Amino acid sequence: MERDKTMYRFRYSVFSIMALMLFFGSCGRKITINEYAIVPMPVEMEMERGSFTLSGSTTCYGGNVGQNDASIKYISRLLRQWHFNPVLAGKMENNSIQFIINDTLVPEIGEEGYTIDVTKDNIVIAANSEQGLFYGFQTFVQMLPEDISETRYSKIVLPACHIKDYPRFGWRGSHLDVSRHFFGVTQIKKHLDLMARYKMNRFHWHLTDDHGWRIEIAKYPLLNDVGSWRVDRDDAPWGEAEPPQEGEARTNGGYYTKEEVREIVEYAAERYIDIIPEIEIPGHCCAVLEAYPQFACAGDDTTYTVQYGPYWPPRAILCGGNDSVMLFLKDVMDEVIPLFPYKYIHIGGDEAVKENWKRCARCQQRIKKEGLKNEEELQGWMIVQMEKYVMRQGKSIIGWDEILEGGVSSDATVMSWRGDRGGIEAARRGNDVIMTPMEFCYLNFYQADAEFQPPAMPNTLLTLHKVYQFDPMPESLPERYRKHILGGQCNLWTEYINTPEMAEYMLLPRMCAMAEVLWSPSTSRDWESFRRRIARNIIRLRANDYRVGTSSFTPWVSKEKLSDGTSRIAIHSETEGTDIYYHTGDGKFRRYSEPFVIAADTELHTIAFYNGLLREKEHVLKLRTEN
Ligand code: ACM
Ligand code: ZN
């Protein structure tokens, strides 16, 4: 916790740009916006003739939206926080921005959609609900200049347009593992701000795992006193750390108090984000077993320790034959459920190695008594017990796709992470599904050539372009099952991510691609357009204090061997507008403009810059032609 304070030095800044927008003065620049770069791409965006000029005399009106309604309060509070006019009650006059809840519902845009009309007289943002208005506002923020937080404008000329927008999927999720590394309240809020900016609406909070238990549980205080802390080895790469020594202080970790959880839930709700807490059952429980070793299997003499570094294969497993384990889990649920208003509780279920169960007399006894076939069915039995318990309290469970192996009720929602197979099977069985196949959705994977990136999950690669190619709806799934695909989400596992800055580096810009995949219609998917729009979003994000991965600037070299032994080299980067320079060993960089031919055995050095903003480590690739 102490460490938390020194590390998290962020401003509450997502909406500072909105405030600064109104920070017009007589001094200041004028700007004419030439093109909007909105992510996710709206369903319809028609540019029209003329423009609206935003200036110090522009007024904001809440129209028919009550001053106490959440969105207006939210927008107004942020404006007021930076000493500007809040949204006023009353009717629109010329030169105003008007927020309207439609008197007559517009069915096409649904609960979450909105329209924006920019004309020479006004800007009108309208929706069927406050949530729609909130998303309209997020789009509006992206219509302003990227550098508005740094530059004072006296006038902003916005081209006239009509936007109609609504989401493709209802589940637009972002997962964060706070067990492998703990991220404090400030960073969680910053993460929620980021989600809101890109219209994501489900925060999957991975609160428990082998490497730390992160939520206060009053009835079992050792979960926090012991299970939330470990010896600090953050200087070593994950997997190369020395084991903890006897008596070494446990200074790394932390947990969220109930008060903090409530604060975060409320913060998320203001941004139309529901939170799904994950309590891992029955595996990934090293932190539980160090705190309460009596919940391990009979005859398991392992000394479990909350520690840094891999714990693989993850053999720690709660005893499935011990009634006091089931009581413990129910007690934990009794404390977790009241904190989270949303209907889902995630019970994990992944990667539970069942070797201990095979050797445990109690587990074997349970298998016999309950007429179960094997250890997989014992996991199924435990999950179903928890499901029944959770359902009695009006909630439903979500589990990783392993829960299909033990059999769950059709009420359970399956999170498909080992490809889309589990998701397809679940949908066919009538279970709801959230698609998060790791090859498209695991943002802890390298985003570019590992040699030039900070350490990440070894032997992985997930580029921005690949994320953009994700489609949560499997092509092979027959129409009648498609309603079960609720949407998708990106996951950030944090073994290799030990600072908030690194979390942002890995999330961005790939999370923006995920947001577009989940919101925009598949028919509007257009990589060339996205790589143009993402470039401007990267500038905006950096201006708002987010650390963005430089990977999308990485120069990718492709080589075609020619018959005379030379090679034709082409270089591209994912982000449009990247300036790529290269040299072939003489140290004199030239700007790349078109493919060129090099002789065998030439070293090729490439460096990418973007708009003078690439301040990270330079990307230098060396390529030998015979490779
Ligand atoms: C997972 O990545 N083990 C769900
Ligand atoms: Zn057991």
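Preceding this paragraph is the structure being described.
Notes on the structure follow. In this text, all values refer to a predicted model and were calculated from it rather than measured experimentally.

The rules behind the values
- Residues numbered from 1 in each chain as written.
- Chains lettered and ligands numbered in written order.
- Predicted model: local features only at pLDDT ≥ 70, side-chain atom pairs only at ≥ 80, totals over all residues.
- Heavy atoms only, no water.
- Helix = DSSP H or I, 4+ residues; strand = E, 2+ residues; numbered from the N terminus.
- Rg over C-alpha atoms; globule rule 2.2 N^0.38 Å.
- Buried < 20%, exposed > 50% of the residue type's maximum accessible area, 1.4 Å probe, protein only.
- Contact = heavy atoms within 4.5 Å.
- Areas by Shrake-Rupley, 256 points an atom, 1.4 Å probe, with all protein chains shown as cover.
- Lys, Arg positive; Asp, Glu negative; His and termini not counted.
- Charge placed at Lys NZ, Arg CZ, Asp CG, Glu CD.
- Pairing = 2+ DSSP bridges.
- Phe/Tyr/Trp six-rings, centres within 6.5 Å; stacked < 30°, edge-to-face > 60°.
- Donors = N, O, S within 2.8 Å, 3.2 Å for Na, K, Ca; no water.
- Tetrahedral: all angles 85-135°; square planar, octahedral: opposite > 155°, others 65-115°.
- Axes fitted to C-alpha atoms, helices over the stretch in contact; angles between N-to-C directions.
- 1 Å grid on protein atoms, 1.4 Å probe; cavity = no way out; pocket = protein on both sides within 12 Å on 5 of 7 lines; lining within 4 Å.
- Points joined across faces, edges and corners; volume = space filled by probe spheres on them.
- Nonpolar A, V, L, I, M, F, W, Y, C, P; charged D, E, K, R; others polar.
- Left-handed = near helix turned anticlockwise from the far one by under 90°.
- Salt bridge = Lys/Arg side-chain N within 4 Å of Asp/Glu carboxyl O.
- Polar contact = N/O pair within 3.5 Å; in protein donor to acceptor, adjacent residues only side chain to side chain.

Right, let's talk about the overall build of the chain for a bit. If you tally the helices and strands in the chain, you get 19 helices and 25 strands. Whereas a compact globule of 627 residues would reach a radius of gyration of roughly 25 Å, the chain reaches 26 Å, a difference of no more than 12%. With the C-alpha coordinates of the chain rotated into their principal frame, the extents come out at 80 × 75 × 55 Å. Every one of the 627 residues in the chain was classed for burial, and the buried ones make up 59%. Expressed as a percentage of contacts within the chain between residues at least 6 apart in sequence, the contacts between residues at least 24 apart total 74%. Accessible surface, the chain: about 24,800 Å² in total, of which carbon and sulfur atoms supply 49%. If the 72 positive side-chain charges of the chain are averaged to one point and the 87 negative ones to another, these points end up 2 Å apart.

Turning next to the sheet that holds strand 22 (residues 579-583). Within a beta sheet, neighbouring strands are joined by backbone hydrogen bonds and run either parallel or antiparallel to one another. Taken in spatial order, the three strands line up as 23-22-25 in an open sheet, and their pairing is antiparallel. Of all strands in the sheet, those with a lone pairing partner are strand 23 (590-591) and strand 25 (605-609), marking the two edges. The pairing of strand 22 with strand 25 spans five bridges and is antiparallel. Looking at the pairing, His583 lines up with His605 of strand 25.

In this section: helix 14 (residues 421-429). Every buried residue belonging to helix 14 is among Gly422, Gly423, Ile424, Ala426 and Ala427, and all of these are buried. Positioned one or two residues after helix 14, Gly430 has a phi angle of 100 degrees, which is positive.

The tally for this structure, following the rule as stated, stands at 30 aromatic pairs. Each ring, one from Tyr135 and one from Trp519, has its centre 5.4 Å from the other, and the planes form 80 degrees; the classification is edge-to-face. Taken as a pair, Tyr135 in helix 4 (residues 130-141) and Trp519 in helix 18 (residues 510-519) lie far apart in primary sequence, 384 residues in all. You'll find Tyr135 and Trp519 in the same group, each marked buried. Measuring from ring centre to ring centre gives 5.7 Å for Trp400 and Trp493, while their planes differ by 45 degrees; the resulting arrangement is tilted. Here Trp400 is found in strand 16 (residues 396-400), whereas its partner Trp493 is found in the loop between strand 19 (485-492) and helix 17 (500-507), with 93 residues between them in sequence. Here Trp400 and Trp493 have matching classes, each one buried.

We now examine the coordination of the zinc ion (ligand 2). Those donors, Cys297 (SG), Cys319 (SG), Cys360 (SG) and Cys363 (SG), are the protein atoms that reach the zinc ion (ligand 2), and they lie 2.3 to 2.4 Å from it. One way to put it: the four donor atoms around the zinc ion (ligand 2) meet at angles of 106 to 115 degrees, and that makes the site tetrahedral. Its relative accessible area of 0% is what places Cys363 among the buried residues.

This brings us to the sheet that holds strand 20 (residues 556-561). Taking strand neighbours across the sheet as the criterion, the three strands line up as 20-21-24 in an open arrangement whose pairing is antiparallel. Looking along the sheet, the strands with just one partner apiece sit at the ends: strand 20 and strand 24 (596-598). Going from strand to strand, the sheet's axes swing by 35 degrees on average, the running direction of each strand aside. Bridging between strand 20 and strand 21 (residues 567-572) involves six bridges; their strand directions are antiparallel.

Reported here for the largest pocket is a volume of approximately 380 Å³. Residue composition of the lining of the largest pocket, grouped by class: 14 nonpolar, three polar and seven charged.

Along the chain, Val39 connects to Pro40 via a cis peptide bond; the corresponding omega equals -5 degrees. Along the chain, Ile281 connects to Pro282 via a cis peptide bond; the corresponding omega equals -10 degrees. Note that Pro282 resides in the loop between strand 14 (274-281) and helix 8 (286-291). Its identity as a non-glycine residue notwithstanding, Tyr272 has a phi of 60 degrees, on the positive side. One can find Tyr272 in the loop between helix 7 (258-270) and strand 14. Even without being glycine, Asp545 reaches a positive phi, approximately 80 degrees. When you line up the elements, Asp545 lands in the loop between helix 19 (527-543) and strand 20.

The subject of this paragraph is the packing of helix 9 (residues 323-336) against helix 12 (residues 375-392). Look at helix 9 against helix 12: their axes get within 11 Å of each other, and the N-to-C directions meet at 35 degrees. Along this stretch, helix 9 crosses helix 12, giving a crossing that reads as right-handed. Mapping the contact onto sequence places Val325, Met326, Leu329, Lys330, Met333 and Asp334 in helix 9 and Trp381, Met382, Gln385, Met386, Tyr389 and Val390 in helix 12. Per-class residue counts for the contact of helix 9 with helix 12 are nine nonpolar, one polar and two charged.

As a further point, take the pattern of salt bridges. Under the defined criterion, the tally for this structure stands at 35 salt bridges. For the salt bridge of Arg202 with Asp274, the shortest nitrogen-to-oxygen distance reads 3.1 Å. You can see Arg202 sitting in strand 9 (residues 202-206) and its partner Asp274 sitting in strand 14, a full 72 residues away along the chain. A residue is classified by how much of its surface remains accessible, and Asp274, at 26% relative accessible area, is partly exposed. Between Asp579 and Arg591 there is a salt bridge; the shortest N-O distance is 2.4 Å. Here Asp579, found in strand 22, pairs with Arg591, found in strand 23; they are 12 residues apart in sequence, far enough to count as distant.

Note on placement: Thr436 falls in the loop between strand 18 (433-435) and helix 15 (438-441). Within the local environment of Thr436, its side chain forms a polar contact with the backbone oxygen of Gln489, the two atoms lying 2.9 Å apart. When residues no more than four places from it in sequence are discounted, the contact partners of Thr436 are Trp400, Met415, Ser416, Trp417, Cys441, Tyr442, Gln489 and Asn491.

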